[in-house]
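# Examination of the molecular architecture
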Amino acid sequence: MTDLTNLGVKDIRDGVASGEFTAREIAEAFNAAVAEAASLNAFIVTTPDHALAAADAVDAKRAKGEDLGTMGGVPIGMKDLFATKGVQTTAASHILEGFNPQYESTVSQNLWDAGAGMLGKLNLDQFAMGSSNETSYFGNVNSPWRKAGSDAAMSPGGSSGGSSSAVAARIAPAATGTDTGGSIRQPAAFTGICGIKPTYGRCSRWGVVAFASSLDQAGPMARTVEDCAIMLEAMAGFDPKDATSLSMDVPAWEAGLSADLKGKRIGIPKEYRMDGTDEEILKSWEQGKEWLRDAGAEIVDVSLPHTKYALPAYYIVAPAEASSNLARYDGVRYGLRDLPDGAGLQDMYAATRAEGFGDEVKRRILIGTFVLSAGFYDAYYNQAQKVRTLVSRDFAEAFGQCDAILAPTTPTASFPLGSLNDDPLTMYLNDVFAVPASLAGLPAMSVPVTVNTDGLPLGLQIVGKPFDEQGVLNAGLAIQQRAGFDAKPEKWW
Amino acid sequence: MSTYRIQGATGEWEVVIGLEVHAQVTSKAKLFSGASTAFGAEPNTQVSLVDAAMPGMLPVPNAECIRQAVRTGMAIEAQINKYSRFDRKNYFYADLPQGYQISQLYHPIVGEGQLLIEADEKAGIAEDKVIGIERIHVEQDAGKLMHDQHPTMSYVDLNRSGVALMEIVSKPDIRSPAEAGAYVRKLRSILRYVGSCDGNMEEGSMRADVNVSVRKPGEEFGTRTETKNVNSVRFVMQVIEYEANRQVDVLENGGTVDQETRLFDPGTGTTRTMRSKEDAHDYRYFPDPDLLPLELEDAFLEECRASLPELPDAKRQRYESELGLTPYNARELTAEVETFGRFETLLAATAAKIGKPEAKVATQVANWALSVAPGVMKSLGDEADPSNATAEAQASILAMQDKGEISGGQAKEIYEIVLKSGRDPEEVAGTEGLKQVSDTGAIEAAIDEIIANNADKVEEYRGGKDKLFGFFVGQTMKAMQGKANPAVVNQILKDKLG
């Protein structure tokens, strides 16, 4: 029998359904792999019992001949930004350490309803703020990948770094991620896996710890395009508890998968050819065009003229919303409370928040508070909103000439942990290609294509029209079939 | 034009007033959560995960609250904004779980409107006056801090957290405490007609922030102060009196009025500084990214409009023009929902009983409802059982009176018995002998006797001393023990005296 932990979502679901193995065997194999991989620090808490209970429920259903669900028997990792009932939910912060929600997020509930189980809560950048997974209160996540001939610990990307690390290391067949300005796509690219951020509103934000509400969107991270399609289908859906949720039926993305791109036009945005982009990444982009042409698509040049303003606008809008969203962590009702002797309310706020938030979170709260303050609001927040409108308009115009856009996911491959800690601006630049689609609320996916000369994975990004996850997945599938990416990190953990 | 002036050492000062009234929207659930809004529950029993601002919780607008705000806007003839948006007002306080209040700064749901306050000479309002309304926006209420539960800690009750409020902002059109009082009463009346707020100021369903400044008549507006959370009409008027006089004193002593937020102390009737302009919060308003802009459809607006009842001004005019009531009666009857409700029920019942159109009996019913019935009720005090004051019973008394079967005095007596006992008025009139005699035979007999016994007076009367007619009426009524129908008595006397 093959090593069960090499299996992905589709293989496990189909194998459990056909009786090739039981869901319990799968859950046990992954629980064991998780237990062995503590040095990756991918999980903040592990929940082997949850995985086993879900597996037993699926096995029992199979025995009775009942429907097993679209994720039946698949144990997954849950990013620790999703509230899970009775299981600690921290957003990788000290301020929420020990917080056990009395409620289950809509997305995680959808997954459990589809037959999935939970291996544990995955580490992330604190409050999803970061691009390297070094801002977690619970320590950085290690990428399973290393540069050829080096022992240096590499970044799994962020903020969904626990998710990317676990899926790349095969200690989870798939994981949830959230993407505010690239937090699914960048870590997916860094670790040689797939990840898709759907159209804003596809996945309910109810029960997901908020970072920047107008940008936050959940999505799946897995090793194949098919697995992403299956899992996204399970996660998505209208939720009356989220006023920004899309009131649309969830398409049958898995059934609609097709790598035949005849009649499709793929746009290549000239503005994404930026200084500082890795030559090997530019080369892979060229290769990507060839593959899509080979799949039947026509390649066209398009222009997204406001691209260079997207990142600065993002770093105004996202911190502005975050500064307000994080005001609720005040020590009054839940989570950390630091009440010095004789302190009043203001002292309690100050002490609690000083102690409970990490430096990057504080930096963004300060930026956000500043850009919203009287006298600066128009110059920063309002201006950034205008830029956001222009960025969206760029895409709308480009989609008059093409069906999807192909671009690099990141300007560079993964970097060693610690190498960018003193340089937040360079760190922020990691998301330069990811942020525009976030500002426009568009579906976007990263697909692994190759490894560079250091042996590190590189990804390409496909950005689609609003609601056209199918087009994105199909272009991703065409690339996946031609790239034949089968590199695996060598096990060192 | 208001003539209200503060007499200062340097001459007369005019007072300029603007009111921001916070009215709790009548709805079963809160503005953005399903939690109940019922008053008086145990602390923290009406708190949803959203109200407590648990991580990952999201607001979802309650359509009923939006509907009530729109209906209120229509009732003050305001522009309804088909596009509006919610903004976050950011500040830290223990009664504000989210760390921000969801409100509407930039795009309120209701724009400019107006409200009429009526001339009231007794109150010093010389003529009708239209007060402009700047806007109405919808926002969340905060929770409540309790400082008396623990020696060193404050407790928080989140039952009110997230309850929907309408903030109704007047223009600075008000010029006297009396006008301010009339404005608040009229607004309260409209809200209660519409059913969008119960107007209960004691329970905090309505409270006002009072903006006051003074100026020499004809000059530019002065610097204003804002006194927060004033919760009765009387207090609103007190705040204005106190603040206006205080500001005049400050200015006449060479000082300047600071733009600041003040608090009212009902115990002393004075206001004091709460926070100065320098300490003012920077609320960092921005559009709430959890909520999409609100776009109202025409069908929704039509439904809102169709659901509006007849409003106080229209009703008052109709009472005067169609029912022929005096302006005073019309105003009294339309001021409160309960009053006109009782009146209209009684009017319909009385008209039906008598078999005349409502307009023919309206004045009689209005006098009864405004003066006679409350007088009887008051004189009885605790002896009266208000549940006996049914429209049916009162209509029956009014019908007997209309037919001449009972006198006004008898009507009161019957009503007293009805209020105490719940007995049927017609039965009371019969059993207790409380009926007028209209039997011409009995009255004629009595009159014949009086004429025979007072031949001298009859002579004088016939000689031109008309005043004596009253004497004969009095004698007849006395003889009939007050139960004769005066109209019948008059007629027979006239016939017999010639």
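Note that the structure is predicted; figures quoted are calculated from it, not measured. (Residues numbered from 1 in each chain as written. Chains lettered and ligands numbered in written order. Predicted model: local features only at pLDDT ≥ 70, side-chain atom pairs only at ≥ 80, totals over all residues.)

### Quick notes on the overall build of chain B
- Helices and strands together make up the secondary structure of chain B, namely 15 helices and 16 strands.
- Whereas a compact globule of 498 residues would reach a radius of gyration of roughly 23 Å, chain B reaches 30 Å, over 25% beyond that.
- Across the 498 residues of chain B, 42% fall into the buried class.
- Long-range pairs, those at least 24 residues apart, make up 69% of the contacts in chain B with a sequence separation of at least 6. (Helix = DSSP H or I, 4+ residues; strand = E, 2+ residues; numbered from the N terminus. Rg over C-alpha atoms; globule rule 2.2 N^0.38 Å. Buried ≥ 20, exposed ≤ 12 C-beta atoms within 10 Å, placed from the backbone. Contact = placed C-beta atoms within 7 Å.)

### Digging into the overall build of chain A
- Check the secondary structure of chain A and you find 15 helices and eleven strands.
- In terms of overall size, chain A behaves like a compact globule, its C-alpha atoms giving a radius of gyration of 21 Å where 493 residues would be expected to give roughly 23 Å.
- Summarising its shape, the C-alpha atoms of chain A cover approximately 65 × 55 × 50 Å along the three principal directions.
- The burial tally for chain A puts 60% of its 493 residues in the buried class.
- Residue pairs in contact within chain A that sit at least 24 positions apart in sequence constitute 77% of those at least 6 positions apart.

### Structural notes on the pairing of strand 3 (residues 117–122) of chain A
Residues and elements named next belong to chain A.
- Counting buried positions along strand 3 gives six out of six residues, so the element sits mostly inside the fold.
- Pairing of strand 2 (residues 75–79) with strand 3, which is carried by five bridges, proceeds in the parallel orientation. Looking across to strand 3, one finds that I76 is bridged to M118.
- A crossover links strand 2 with its parallel partner strand 3, the connecting element being helix 4 (residues 106–113), and its sense is right-handed. (Pairing = 2+ DSSP bridges. Right-handed = clockwise from strand over helix to strand, strands pointing away.)

### Quick look at the interface of chain A and chain B
- Taken residue by residue, the interface counts 33 residues in chain A and 25 residues in chain B.
- Of all the secondary structure elements, the ones that give two or more residues to the side of chain A that touches chain B are helix 9 (307–325), helix 10 (345–356) and helix 11 (359–372) of chain A.
- At three residues, the largest contribution of residues to the side of chain A that touches chain B is made by helix 9 of chain A.
- The class makeup of the residues in the side of chain A that touches chain B is 17 nonpolar, nine polar and seven charged. (Nonpolar A, V, L, I, M, F, W, Y, C, P; charged D, E, K, R; others polar.)

### Focus: the packing of helix 13 (residues 455–462) of chain B against helix 14 (residues 468–479) of chain B
Residues and elements named next belong to chain B.
- Where helix 13 contacts helix 14, the axes come no closer than 9 Å and their chain directions differ by 145 degrees. In this structure, helix 13 uses K457, E460 and Y461 to contact helix 14, whose residues at the interface are L468, F469 and F471.
- The residue inventory of the contact of helix 13 with helix 14, partitioned by class, reads four nonpolar, no polar and two charged. (Axes fitted to C-alpha atoms, helices over the stretch in contact; angles between N-to-C directions.)

### Concerning the domain arrangement of chain B
- Structurally, chain B comprises domain 1 (6–303), domain 2 (312–431) and domain 3 (440–497).
- When each unit is reduced to the centre of its C-alpha atoms, the spacing between domain 2 of chain B and domain 3 of chain B is 32 Å. (Domains from an automatic or database assignment.)

### Regarding the confidence of the model for chain B
- Averaged over all residues, the pLDDT of chain B equals 93, while 100% of them reach at least 70.
- Per the prediction output, this complex has pTM 0.91; the corresponding ipTM is 0.96. (pLDDT = per-residue confidence, 0-100.)

### Some points on the pairing of strand 7 (residues 265–269) of chain A
Residue and element names in this part refer to chain A.
- Of the strand pairs in this sheet, strand 7 and strand 8 (residues 298–302) are connected by five bridges, and their pairing is parallel. Following the sheet pairing, P269 is matched in strand 8 by V302.
- The sheet contact formed by strand 7 and strand 9 (residues 404–408) spans two bridges and is parallel. Residue pairing for strand 9: I266 is matched across the bridge by A404.

### Details of the sheet that holds strand 4 (residues 87–90) of chain B
Residues and elements named next belong to chain B.
- Read from one edge to the other, the open sheet built from three strands follows the order 5-4-15, with strand pairing classed as antiparallel. Looking at which strands have only one partner, the edges of the open sheet turn out to be strand 5 (100–103) and strand 15 (286–287).
- The pairing of strand 4 with strand 15 spans two bridges and is antiparallel. Bridging from a neighbouring strand, D87 pairs with P287 of strand 15.

### Considering helix 7 (residues 225–235) of chain A
- Across the eleven residues that make up helix 7 of chain A, a large majority, eleven, are buried.
- Turning to helix 7 of chain A, its buried residues number three or more, namely V225, E226, D227, C228, A229, I230, M231, L232, E233, A234 and M235 of chain A.

### Digging into the environment of V141 of chain A
Residue and element names in this part refer to chain A.
- Its place among the elements puts V141 in the loop between strand 3 and helix 5 (161–168).
- Accessibility expressed as a C-beta count within 10 Å gives 34 for V141, which makes it buried.
- Spatially, the C-alpha atom of V141 lies 33 Å from that of V250, the residues being 109 residues apart in sequence.
- In contact with V141, not counting residues within four places along its chain, are L40, N41, A42, N123, N133, P156, G161, G162 and S165.

### Here we look at the environment of S131 of chain A
Residue and element names in this part refer to chain A.
- Relative to the helices and strands, S131 resides in the loop between strand 3 and helix 5.
- For the pair S131 and Q481, spaced 350 residues apart in sequence, the C-alpha to C-alpha distance is 29 Å.
- In contact with S131, not counting residues within four places along its chain, are G157, G158, Q186, M427, N430 and D431.

### Things to note about unusual backbone geometry
Residue and element names in this part refer to chain A.
- Following G158, the chain continues into S159 via a peptide bond in cis, with omega recorded as 5 degrees.
- Mapped onto the elements, S159 comes out in the loop between strand 3 and helix 5.
- In this structure, N41 is a non-glycine residue whose phi angle is positive, near 55 degrees.
- Mapped onto the secondary structure, N41 falls in the loop between helix 2 (23–36) and strand 1 (43–46).
- A residue is classified by how many C-beta atoms lie within 10 Å of it, and N41, with 20 of them, is buried.

### Focus on the environment of E12 of chain B
- With respect to the helices and strands, the residue E12 of chain B is situated in strand 2 (residues 11–24).
- If near-sequence neighbours (up to four positions away) are discounted, E12 of chain B is found in contact with R5, Q7 and P217 of chain B.

### Comments concerning helix 3 (residues 48–63) of chain A
Residues and elements named next belong to chain A.
- Compared with an ideal rise of 1.5 Å per residue, which puts 16 residues at 22 Å, helix 3 spans 22 Å between its outermost C-alpha atoms and is within 8% of the ideal.
- Looking at helix 3, one finds that the buried residues are H50, A51, A54, A55, V58 and D59. End-on view of helix 3: buried residues confined to an arc of 170 degrees, all on one side of the axis. Those residues of helix 3 that are exposed and angled more than 90 degrees off the buried face are D49, A60 and A63.
- Buried positions along helix 3 lie against helix 1 (9–18), helix 2, strand 2, helix 4 and strand 3. (Expected span 1.5 Å × (residues − 1). Arc of directions from axis to C-beta.)

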